Amino acid sequence: FRTELMGTSIEMNNINLLIHSLDGPLRFSSEQGLVSPHLTGWLWGEPIDITLGDYQHQENSTTYFPLQLDAATTVSTERLSQWLNLPIFAMADGKSAFKMRLENTSSGLLLSLDSSLEGLVFDFPGDLKKTVTETADLTLQWGLSQSNQPMIFSVKDRLTGQLYFQQFQLTNGGLYL
């Protein structure tokens, strides 16, 4: 099928995420799943651009359902802290541009995130401190459907971490400086 989304909202209750005012073309096929070359909407009070279904790697399996969502938006530390319910963001302030990908892999749903973190201030001691104009490359991989929902992330030259979640609630983890 094919349709044009106009002012549509998508609510993902399992991860407490709402994208609203979604506009753009959308189609579905059994071979490629959901596909859209360009959707626009709003996430956490900021515009978001979404591409669905730029599939490079297809699996030939009847149990595999293709899903690939690429998005670009700006996120504030306040909104990210509220969403993840992690107090570490109390030591950071501002907002930065992020690129993210949500895809169905052979291991389940994987969320990948990348950002230069320009626009954020880190109020950490010593070399961990970051000013609003400095860049510090962030990479993040979060296995959303794996057991313990592992999140592995790195802020270049500052820290790396592994966090584990149960039903999107933090259970344990560690940060390494």
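Residues numbered from 1 in each chain as written. Predicted model: local features only at pLDDT ≥ 70, side-chain atom pairs only at ≥ 80, totals over all residues. Heavy atoms only, no water.

Student: Quick rundown of the packing of aromatic side chains? Include the residues and the values.
Tutor: Tallied over the full model, the rule gives six aromatic pairs. Relative to F124, the ring of F122 has its centre 5.5 Å away and its plane inclined at 50 degrees; by these criteria the two rings are tilted. Across the pair, exposure class does not vary: F122 and F124 are buried alike. Grouped by ring-pair contacts, the aromatic residues W44, W83, W142, F165 and F168 constitute a single cluster. Stacked on the ring of F122, the Lys or Arg K130 has its end atom at 5.9 Å from the ring centre. (Phe/Tyr/Trp six-rings, centres within 6.5 Å; stacked < 30°, edge-to-face > 60°. Buried < 20%, exposed > 50% of the residue type's maximum accessible area, 1.4 Å probe, protein only. Lys NZ or Arg CZ within 6 Å of the ring centre and 35° of its normal.)

Student: Please give an account of unusual backbone geometry that cites residues and values.
Tutor: For D157, which is not glycine, the phi dihedral falls at a positive 60 degrees. In this structure, D157 sits in the loop between β10 (151-155) and β11 (159-166). The exposed category is assigned to D157, whose relative accessible area is 71%. Phi at F168 is positive, roughly 65 degrees, even though this residue is not glycine. For F168, the position within the fold is in the loop between β11 and β12 (169-176). (Helix = DSSP H or I, 4+ residues; strand = E, 2+ residues; numbered from the N terminus.)

Student: Explain the pattern of salt bridges residue by residue, including any values.
Tutor: Under the criterion given, the structure shown has four salt bridges. As a salt-bridge pair, E46 and K95 come within 2.7 Å of each other at their nearest N and O atoms. On the criterion of sequence distance, the pair formed by E46 in strand β4 (residues 46-52) and K95 in strand β6 (residues 92-105) is long-range, its members being 49 residues apart. Taking relative accessible area as the criterion, E46 reaches 16% and is therefore assigned buried. Between R101 and D70 there is a salt bridge, and its shortest N-O distance comes to 2.6 Å. Of this pair, R101 sits in strand β6 while D70 sits in strand β5 (residues 68-76); the two residues are 31 residues apart in sequence, bridging distant segments of the chain. Relative accessible area serves as the criterion here: at 19%, D70 is assigned to the buried category. (Salt bridge = Lys/Arg side-chain N within 4 Å of Asp/Glu carboxyl O.)

Student: Describe helix α1 (residues 77-84), naming the residues involved and giving the relevant values.
Tutor: Every buried residue of α1 is listed here: T77, L80, W83 and L84. The buried residues of α1 occupy an angular sector of 125 degrees when projected down its axis, which confines them to one face. Taken together, the buried residues of α1 touch β2 (17-29), β5, β6, β8 (120-122) and β9 (138-143). Looking one or two places after α1, you find N85, whose phi comes out positive at around 55 degrees. (Arc of directions from axis to C-beta. Contact = heavy atoms within 4.5 Å.)

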